[in-house]
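Observations on the three-dimensional arrangement
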Amino acid sequence: EAQVTQNPRYLITVTGKKLTVTCSQNMNHEYMSWYRQDPGLGLRQIYYSMNVEVTDKGDVPEGYKVSRKEKRNFPLILESPSPNQTSLYFCASSLTAGDSPLHFGNGTRLTVT
Amino acid sequence: GENVEQHPSTLSVQEGDSAVIKCTYSDSASNYFPWYKQELGKRPQLIIDIRSNVGEKKDQRIAVTLNKTAKHFSLHITETQPEDSAVYFCAAKGSYIPTFGRGTSLIVHP
């Protein structure tokens, strides 16, 4: 089944403890991205990747890192999480960066205390 | 960069009524306009999209219209049903990065 898989679905952590949210797609998509969703603010892009080894900042990149060593994987890294990073995170991919729709993962709800 | 405004933020209708959600965008280079539906607790999923060389597209009860001159596009849902209740996001895609509107919470009352 074609899908974007994110893990974990729920994560509670403490301030400063490094964490990684994994994202994997099995559709051979070139474009992958991370979004955070907060009430009233919609979907804001954190980072995106046009292809392997190519990543770039989105609208809200502060406090996050990403890597794209393989085409299928695009992990999101929080080196030192803070409470303002408590949010719902979505990974998404699309065939190309052009006019192709995004396929979203099921989301990761992160709470930082 | 691109800026997408979406209205209204909340829309309440009676079952069977029509619902219209409007979006405006700023970048005239944008050429792809998808709409996503997000049910409570679930991920956004594409429901319909339109490209800049088309003015209107329909899929059963859902239609999208695009006015490139005025830089706005709209989602139309006819004969609404309770299962249409969700948050709807518009997006505009130009160079590489899709920009999303802030979403419309549609509530369909039985």
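Refer to the structure printed above.
Quick look at the structure, then. Since this is a predicted model, take the numbers as computed values, not measurements. (Residues numbered from 1 in each chain as written. Chains lettered and ligands numbered in written order. Predicted model: local features only at pLDDT ≥ 70, side-chain atom pairs only at ≥ 80, totals over all residues. Heavy atoms only, no water.)

1. Observations concerning the sheet that holds strand E7 (residues 65-66) of chain A
Residues and elements named next belong to chain A.
- The strand order across the open sheet formed by four strands is E1-E3-E8-E7, and the pairing between neighbours is antiparallel. Lying at the two open borders of the sheet, with one neighbouring strand each, are strand E1 (4-7) and E7.
- Pairing of strand E3 (residues 19-25) with strand E8 (residues 76-78) involves three bridges; the strand directions are antiparallel. Of the residues in E8, the one forming a bridge with threonine 20 is isoleucine 77. (Pairing = 2+ DSSP bridges. Helix = DSSP H or I, 4+ residues; strand = E, 2+ residues; numbered from the N terminus.)

2. Here we look at the side chain of serine 100 of chain A
- Assignment of secondary structure puts serine 100 of chain A in the loop between strand E9 (87-94) and strand E10 (103-104).
- Ignoring any residue separated from it by four or fewer positions in sequence, one finds serine 100 of chain A in contact with Ser94 and Leu95 of chain A together with Tyr32 and Lys93 of chain B. (Contact = heavy atoms within 4.5 Å.)

3. A short note on the pattern of salt bridges
Residues and elements named next belong to chain B.
- Summed over the entire model, instances satisfying the criterion amount to nine salt bridges over all chains.
- Between lysine 37 and glutamate 39 there is a salt bridge; the shortest N-O distance is 3.5 Å.
- Lysine 37 sits in the buried class, given a relative accessible area of 16%.
- Classification of glutamate 39 by relative accessible area gives partly exposed; the value is 32%.
- Among the salt bridges present, the one from arginine 61 reaches aspartate 84, with a minimum N-O distance of 2.9 Å. Separated by 23 residues along the polypeptide, arginine 61 in the loop between strand E6 (56-59) and strand E7 (62-67) and aspartate 84 in the loop between strand E8 (72-77) and strand E9 (86-93) bring together distant segments of the chain.
- Since its relative accessible area comes to 6%, aspartate 84 is described here as buried. (Salt bridge = Lys/Arg side-chain N within 4 Å of Asp/Glu carboxyl O. Buried < 20%, exposed > 50% of the residue type's maximum accessible area, 1.4 Å probe, protein only.)

4. Topic: the packing of aromatic side chains
- For the structure on display, the rule yields 13 aromatic pairs over all chains.
- Geometrically, the ring pair formed by tyrosine 64 of chain A and tyrosine 89 of chain A is edge-to-face, given 5.9 Å between the ring centres and 65° between the ring planes. Taken together, the positions of tyrosine 64 of chain A in the loop between strand E6 (54-57) and E7 and tyrosine 89 of chain A in strand E9 put the pair 25 residues apart, joining distant regions of the chain. A single burial state applies to tyrosine 64 of chain A and to tyrosine 89 of chain A, both of which are buried.
- Considering the side-chain rings of tyrosine 25 of chain B and phenylalanine 33 of chain B, the 4.8 Å spacing of their centres and the 45° angle between planes classify their relative orientation as tilted.
- Among the residues examined, phenylalanine 33 of chain B registers a relative accessible area of 0% and is labelled buried.
- Through pairs of rings, three or more aromatic residues link up here, namely Tyr35, Phe90 and Phe104 of chain A together with Tyr36, Phe89 and Phe100 of chain B. (Phe/Tyr/Trp six-rings, centres within 6.5 Å; stacked < 30°, edge-to-face > 60°.)

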